[in-house]
Amino acid sequence: MPPTAQLSNAEIADRLSSLAQLLTVKGDNPYKIRAYRRAASTIRGLGESVDELVRNEADLTAYEGIGKAIAGSVREIVLEGKLGTLEKLRAEVPPEVVAINQHPRLDPKRVLRIYKKVGISSIPELRKALDSGQIEEMLGARMAQHIRQGLIESSAIVLYHAHSLVAAIQHFLLKQCNVVRAIAAGDYRRCVEVISNLDFVVETPDFLASAESFQRFGGRTPMLELTSKYATFALPSGPLLRMEPGAKQNWGVALIRHTGSKTHLSRLTRVTGSLSDLERTASFSTEEAFYKRYELQFIPPELREGLDEVHLAREGKLPTLITQEDLRGDLHMHTEASDGVDTLEQMALAGKSRHYAYVGISDHSPSLKIANGLSVERLKKQIRAIDKLNEKLSGIRLLKSAEVDILADGALDYPDEILHELDYTVCSIHSRFAMNKEQQTERILRAMDNRHFNILGHATGRLLLKRPGYEIDIERVIKQAKQNGCFFELNSSPDRLDVSAENARLIREAGILIAISTDSHSTGELATMRFGLEQARRAGLDKNSVLNTRSVSDILKLFAR
Ligand SMILES: [Zn+2]
Ligand SMILES: [Zn+2]
């Protein structure tokens, strides 16, 4: 029997996530599981109703991450109201797992381990154990964090997921809601790395009607509030959406009001007077016109946090923020020799097509067995291969590097003799995250004493919304780096963005150069530079404060300690 009610995109995505979760219990193919997860997240972010698409016999495989098999599952969910494989799996697994399946973000294997260790068997007991601190005490902070995120319907998403969502919302507003112009302002426009609220400013002849129409986004999007000044919605993909009208003649003021942080706005209005008054009385159709009138430099959205930017804008001293065009290379990437997928030559050519002068190959060191870290022998072979390739290549140079593990005692994971043969090193922590702040800091300080230590890779190991990272005393690490001539990395992997913009600012202020690196594991990932640049701009970095804006000969000089 086909169901009568139309399914929202969120409901369809939930079923795919549930299926992915049960497939992990069954130990099914991890690529298949990942494919279902990716499809679920694509569907959550779509503006068009997937239910309608299916009923109109649209080709779902046209959407990113939806292949033939998954398109079939989606059709089944919509037309049959259920998914056979999911029902079948639910019948096979024990009842505890069926209960866990109500929370598709939990990892059932981990939950079952907790059940055993704590002596419980249900979700309510799990919640209790979490709240009482028992899980953290018995199984550590990371496990507790996983459970917390799995149980609480988190509304936050990572910035790069917001990019496609924002595009979908914009498209829907313009095509379906009689909106003339729509801009995502707020945290999103400032490139805050985790987004819980999306703020849209819209120009429309009839705000109330436009807001009403938006309820059809993604099949069905519940409206929480509606007034003449704003409307809020619970988006299927998590964050709250707040929509506010901006008038054409005062669009500039509306954008400024809805983009800056609270502190920024309070500093700004000391110069300009109340913005809500201005929105009623003045007429600034662009932000540029507004800043000009108050004799301020244009403040890039990424800087509107309420630090020193209003002051600098008055003095005409805002930094010229870094852009892709300023970069001359990328200093952290992997090849098929460790856990990447492409060859040395493919990485080199990908760098060349981005107009870089150099790319640094930094495969993993031996103790990272899970990533197929290179033995000394294999690294030697790679060094020779790079020398040979460099003779053949034109217009791009491969630099010889390695992502060297910082071992628990602060030693580097290769003997000095081989490190000496490299152009530079990226040194990172990949193990023993549980060491405390003091130990972790000492570990890095000791590693920096090795004169082959050049760049500290992903300094805190954080994974946004997944794990908090280990604690370090950043001030002490910065001091040591300054003394020893070491550098920091801003890892552009959009789930890391490590160092954070806040820490990057401290590093810049200490006069230490930062490498904005992609940590690519394939040629395609070189494009993730975009995300590192967003955070670098938030940190106020200009060309001069970034390591990989320098020429090959300059950076090689800087690396010689
Ligand atoms: Zn790493
Ligand atoms: Zn890496």
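Residues numbered from 1 in each chain as written. Chains lettered and ligands numbered in written order. Predicted model: local features only at pLDDT ≥ 70, side-chain atom pairs only at ≥ 80, totals over all residues. Heavy atoms only, no water.

Engineer: Please give an account of the layout of surface pockets that cites residues and values.
Structural biologist: The volume enclosed by the second largest pocket comes to roughly 310 Å³. The wall of the second largest pocket is formed by 13 residues, among which Arg257, Gly260, Ser261, Lys262 and Leu265 lie closest to the centre. Mapped by element, the contributors of at least two residues to the lining of the second largest pocket are helix H12 (186–189), strand S4 (197–203), strand S7 (240–245), helix H14 (251–259) and helix H15 (262–272). (1 Å grid on protein atoms, 1.4 Å probe; cavity = no way out; pocket = protein on both sides within 12 Å on 5 of 7 lines; lining within 4 Å. Points joined across faces, edges and corners; volume = space filled by probe spheres on them. Helix = DSSP H or I, 4+ residues; strand = E, 2+ residues; numbered from the N terminus.)

Engineer: Describe the nonpolar core, listing the residues and the values that go with them.
Structural biologist: Core analysis: the largest hydrophobic core is formed by 59 residues, its most contacted members being Leu398, Phe453, Leu456 and Phe488. With near-sequence residues (within four places) excluded, Leu456 lies in contact with Ile406, Cys427, Ile444, Met448, Val477, Phe487, Phe488 and Glu489. Core analysis: the second largest hydrophobic core is formed by 31 residues, Leu7, Ala39, Ile43 and Leu46 among them. (Core = buried A, V, L, I, M, F, W, Y, C linked by side-chain atoms within 4.5 Å. Buried < 20%, exposed > 50% of the residue type's maximum accessible area, 1.4 Å probe, protein only. Contact = heavy atoms within 4.5 Å.)

Engineer: Outline the coordination of the zinc ion (ligand 2), listing residues and values.
Structural biologist: Coordination of the zinc ion (ligand 2) by the protein is provided by His332 (NE2), His334 (NE2), Glu403 (OE) and Asp519 (OD), with metal-donor distances spanning 2.0 to 2.2 Å. For the zinc ion (ligand 2), the four donor atoms in the first shell make angles of 82 to 171° at the metal, a pattern classed as irregular. Coordination of the zinc ion (ligand 2) draws on donor residues from a single chain, spaced H-x1-H-x68-E-x115-D in sequence. Here the zinc ion (ligand 1) and the zinc ion (ligand 2) are spaced 3.5 Å from one another, each receiving a donor from Glu403. Each member of the pair His332 and His334 is classed as buried. (Donors = N, O, S within 2.8 Å, 3.2 Å for Na, K, Ca; no water. Tetrahedral: all angles 85-135°; square planar, octahedral: opposite > 155°, others 65-115°.)

Engineer: Can you break down the sheet that holds strand S8 (residues 329–330) residue by residue, with the values?
Structural biologist: Pairing within the open sheet is parallel, and its seven strands lie in the order S8-S9-S10-S11-S12-S13-S14. Whereas interior strands pair on both sides, the edge strands pair on one side only; in this sheet they are S8 and strand S14 (514–517). In terms of strand pairing, strand S10 (residues 397–405) meets strand S11 (residues 426–428) through three bridges, oriented parallel. Counterpart to Asp405 in the pairing with S11 is Ser428. (Pairing = 2+ DSSP bridges.)

Engineer: Which residues make up the coordination of the zinc ion (ligand 1), and what values go with them?
Structural biologist: Around the zinc ion (ligand 1), the protein contributes the donor atoms Glu403 (OE), His430 (NE2) and His458 (NE2), at 2.1 to 2.2 Å from the metal centre. For the zinc ion (ligand 1), the single-chain donor residues occur in sequence as E-x26-H-x27-H.

Engineer: Account for helix H1 (residues 9–25), naming residues and giving values.
Structural biologist: Its 17 residues give H1 an end-to-end C-alpha distance of 25 Å, which sits within 8% of 24 Å, the value for a rise of 1.5 Å per residue. In terms of burial, H1 is a largely internal element, 13 of the 17 residues being buried. Looking one or two residues beyond H1, the residue adopting positive phi is Gly27, at roughly 70°. (Expected span 1.5 Å × (residues − 1).)

Engineer: Account for the sheet that holds S4, with residues named and values stated.
Structural biologist: Strands sit in the order S2-S4-S7-S6-S5 across an open sheet of five strands; the sheet is mixed. Every interior strand has two partners, whereas the edge strands, strand S2 (181–184) and strand S5 (223–226), have only one. Going across the sheet, the axis of each strand differs from the next one's by a mean of 20°, ignoring polarity. As defined by bridge partners, S4 adjoins S7 across six bridges and the pair is classed as parallel. Directly across from Val202, in S7, lies its bridge partner Pro245. The strands that helix H11 (residues 159–176) touches are S2, S4 and S7; relative to S4, the one it contacts most, it runs at about 30°. (Axes fitted to C-alpha atoms, helices over the stretch in contact; angles between N-to-C directions.)

Engineer: Got a sec to walk through empty space enclosed by the protein? Specific residues and values, please.
Structural biologist: A complete count under the given rule lists one cavity of 30 Å³ or more for this structure. Together, Leu303, Asp308, Glu309, Leu312, Leu318, Pro319, Arg505, Arg508 and Gly540 line the largest cavity. For the lining of the largest cavity, the secondary structure elements donating two or more residues are helix H18 (309–315) and helix H24 (501–509). Residue composition of the lining of the largest cavity, by class: four nonpolar, one polar and four charged. (Nonpolar A, V, L, I, M, F, W, Y, C, P; charged D, E, K, R; others polar.)

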